[in-house]
Amino acid sequence: MSGIYSIRFRLVAVFLAIILAVMIIISFFLYTTLERYHINNLRDSLNRAGLLASDFLIGHLRGQINSVRLSTLAENMSRQAGARVIFTDQQGIVVGDSLRVGGLLNQQLESEDIFSALNGEMSSSVSYSERIEQNVLQLAIPVTEEDESVIGVIFMSASMEGVYSTLQDIRSFLFLATLLAMAVVGGGSILLARRFTGPLEELTTATRKMAEGNLDQHIEVYSSDEIGRLAEQFNIMAKRLNYYTSNLKKFAADVAHEVRTPLATMSLLTKSLKEHDMEPEQQKEFIEDLDNELERLVALVNDLLELSKLEKNEIEREEIVLNNLLQSIVEENQYRYAQSGVKLIGDLAEQTINVLAVPLQIRQVVVNLLDNALNYTDAGGTVTLSLYKEGNEAITTVVDTGCGIPEDDLSYIFERFFRVDRARTREGGGTGLGLAIVSEIIAKHGGRVWVDSEEGTGSTFYFALPISEE
Ligand code: ADP
């Protein structure tokens with residue numbers, strides 16, 4: 001999961017872009033504020049120096065102007081203010097210049113700032129000085145009489161070198177801070193992304209392996225956040241899938257095994273019939289055996305169909321009176337039981353008991369239990385079907401006086417294809433699916449099923465269904 005489409009890459013890229021944008025915005029505002037602050041500071045200090053000199057200058061500009069004295073004065077002021085200082089008369093002609101060599105003495109100064117100052121307005125600007133090859137801050141202050149008339153101008157020009165070198169330091173500092181912030185955020189987001197994507201990569205690998213058929217997958221769960229929960233759910237799903245698949249494989253193998261025996265017998269019987277001359281009596285016997293095996297196969301297929309039907313979507317349940325359903329089953333089976341010499345008794349509660357159920361499925365459960373009871377009870381025995389209420393459950397029991405079930409086998413009795421291994425295995429040959437169907441139907445109805453049995457005495461099968469609220 002690498003490359004520019006990976007979550008890890010995108011997460012880191014987004015974090016870096018955000019931090020870069022934030023730092024650029026902060027730097028821009030900080031830089032422009034500091035630049036303005038420093039220029040204002042410089043202008044204020046020039047202004048203060050100019051205003052201080054202004055009063056003093058009035059006297060010198062009023063009478064006979066002495067350029068030498070004024071230039072000395074400009075020189076002193078220049079030293080204090082750290083700027084070049086020029087004085088002009090009311091025509092803008094230079095009468096004093098702190099720059100002695102190459103100064104502008106007696107020349108007409110022509111600049112916007114001077115014009116404004118000659119008109120009584122203080123003015124300042126930033127411009128590039130060819131002479132010192134630097135940006136300079138210029139400030140022109142009018143020198144006025146009491147009647148506001150302008151009699152000269154103090155013109156100062158200070159290098160902005162100091163300001164810009166401070167700002168340069170700040171710029172380097174901001175650049176370094178941006179780099180540092182990006183390194184920290186970049187590192188942090190890589191770690192964070194790894195924490196997120198690590199388990200996702202494990203999940204991807206595990207699901208790929210499952211898709212390849214290797215269902216036995218488990219991944220480590222490191223956290224209890226959303227991703228941790230996803231990993232946990234994945235483990236549960238993988239375990240279930242694995243369980244169901246191996247169950248299905250076992251089931252398929254069991255079915256094949258169940259089908260093989262009757263088919264082998266039938267093949268043998270057919271060959272014998274074909275190859276040997278037999279008495280009609282013997283032939284009839286063979287054909288009867290064939291018929292029995294076929295019946296076994298049909299019963300097996302029917303039970304398998306029944307089971308697969310149960311696994312499909314749930315059928316709508318309806319409210320039924322269980323007493324009536326059981327009563328009708330008792331009546332329907334009376335004849336069959338009588339034929340085998342077994343007594344069938346219905347002992348049903350007087351009070352009506354309602355349950356929410358699929359009637360055909362409950363009928364199937366009872367018929368399977370009655371079939372077994374009849375099959376495993378010898379002539380002269382009794383089978384009793386009872387219904388009673390216990391708490392909020394309807395309990396149905398099928399009690400027989402048959403051969404019973406060995407204790408060791410009791411816990412396997414509801415498994416598919418399980419048959420009690422008796423020397424006298426039933427002649428008719430059950431499918432071993434009857435009780436599995438019973439248990440599945442009852443489970444689907446939210447009920448439970450269990451058995452009591454004693455070998456040689458008989459068995460009691462129970463199933464309990466929740467009674468529905470009327
Ligand atoms: P089958 O089709 O073989 O009857 P079941 O699933 O209905 O399959 O029963 C499984 C096994 O449980 C049977 O083979 C039988 O050995 C035993 N069994 C079921 N019911 C009874 C019973 N009422 N009395 C004794 N044994 C029983």
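### A word on the nonpolar core
Line of reasoning, step 1. Counting residues in each nonpolar core, the largest one holds 48 residues, and the members touching the most others are L322, Y337, V366, L369, L370 and V383.
Line of reasoning, step 2. By residue number, the principal contributor to this core is helix α8 (residues 359-375), which donates 7 residues.
Line of reasoning, step 3. If we ignore the near neighbours within four places in the chain, the residues touching Y337 are V342, K343, L344, L370, A373, L374 and V383.

### Section: the pairing of strand β5 (residues 150-159)
Line of reasoning, step 1. When you tally the buried positions in β5, you get 9 out of 10 residues, the bulk of the element.
Line of reasoning, step 2. Sheet topology note: the strand β1 (residues 84-89)/β5 ladder contains 6 bridges and is antiparallel. Pairing of V85 across the sheet is with M156, part of β5.
Line of reasoning, step 3. As paired strands, strand β4 (residues 134-144) and β5 are joined by 9 bridges and run antiparallel to one another. Its bridge partner lying in β5, V143 is registered against G152.
Line of reasoning, step 4. Counting the residues that bridge the hairpin from β4 to β5 gives 5 residues, and of these E148 lies at a positive phi of roughly 75°.

### Here we look at the sheet that holds strand β3 (residues 123-129)
Line of reasoning, step 1. An order of β2-β1-β5-β4-β3 is seen for the 5 strands of this open sheet, with the pairing classed as antiparallel. With one partner strand each, in any of the chains shown, β2 (94-97) and β3 form the two edges of the open sheet. Recorded for the sheet is a direction-independent mean angle of 20° between the axes of neighbouring strands.
Line of reasoning, step 2. Here helix α1 (residues 7-62) sits on the sheet and contacts β1, β2, β3, β4 and β5; the angle it forms with β4, its principal contact strand, is near 35°.

### Overview of the layout of surface pockets
Line of reasoning, step 1. Roughly 520 Å³ of volume is contained in the second largest pocket.
Line of reasoning, step 2. Lining the second largest pocket we find 19 residues, and of these N247, F251, E311, R416 and E440 sit closest to its centre.
Line of reasoning, step 3. Those elements that place two or more of their residues in the lining of the second largest pocket are α5 (226-275), α6 (280-311) and α9 (434-444).
Line of reasoning, step 4. The class makeup of the residues in the lining of the second largest pocket is 10 nonpolar, 3 polar and 6 charged.

### Describing the pattern of salt bridges
Line of reasoning, step 1. With the rule as written, the count across this model stands at 13 salt bridges.
Line of reasoning, step 2. For R62, the salt bridge is made with E145, and the minimal N-O distance between the two is 2.9 Å. Placement of R62 in helix α1 and of E145 in the loop between β4 and β5 is noted, with a sequence separation of 83 residues between them.
Line of reasoning, step 3. A salt bridge links E75 to R100; the shortest N-O distance between them is 3.1 Å. One end of the pair, E75, is in helix α2 (residues 67-81); the other, R100, is in the loop between β2 and α3 (112-118), with 25 residues separating them in the sequence.

Quick notes on the rules
- Residues numbered from 1 in each chain as written.
- Predicted model: local features only at pLDDT ≥ 70, side-chain atom pairs only at ≥ 80, totals over all residues.
- Heavy atoms only, no water.
- Core = buried A, V, L, I, M, F, W, Y, C linked by side-chain atoms within 4.5 Å.
- Buried < 20%, exposed > 50% of the residue type's maximum accessible area, 1.4 Å probe, protein only.
- Helix = DSSP H or I, 4+ residues; strand = E, 2+ residues; numbered from the N terminus.
- Contact = heavy atoms within 4.5 Å.
- Pairing = 2+ DSSP bridges.
- Axes fitted to C-alpha atoms, helices over the stretch in contact; angles between N-to-C directions.
- 1 Å grid on protein atoms, 1.4 Å probe; cavity = no way out; pocket = protein on both sides within 12 Å on 5 of 7 lines; lining within 4 Å.
- Points joined across faces, edges and corners; volume = space filled by probe spheres on them.
- Nonpolar A, V, L, I, M, F, W, Y, C, P; charged D, E, K, R; others polar.
- Salt bridge = Lys/Arg side-chain N within 4 Å of Asp/Glu carboxyl O.

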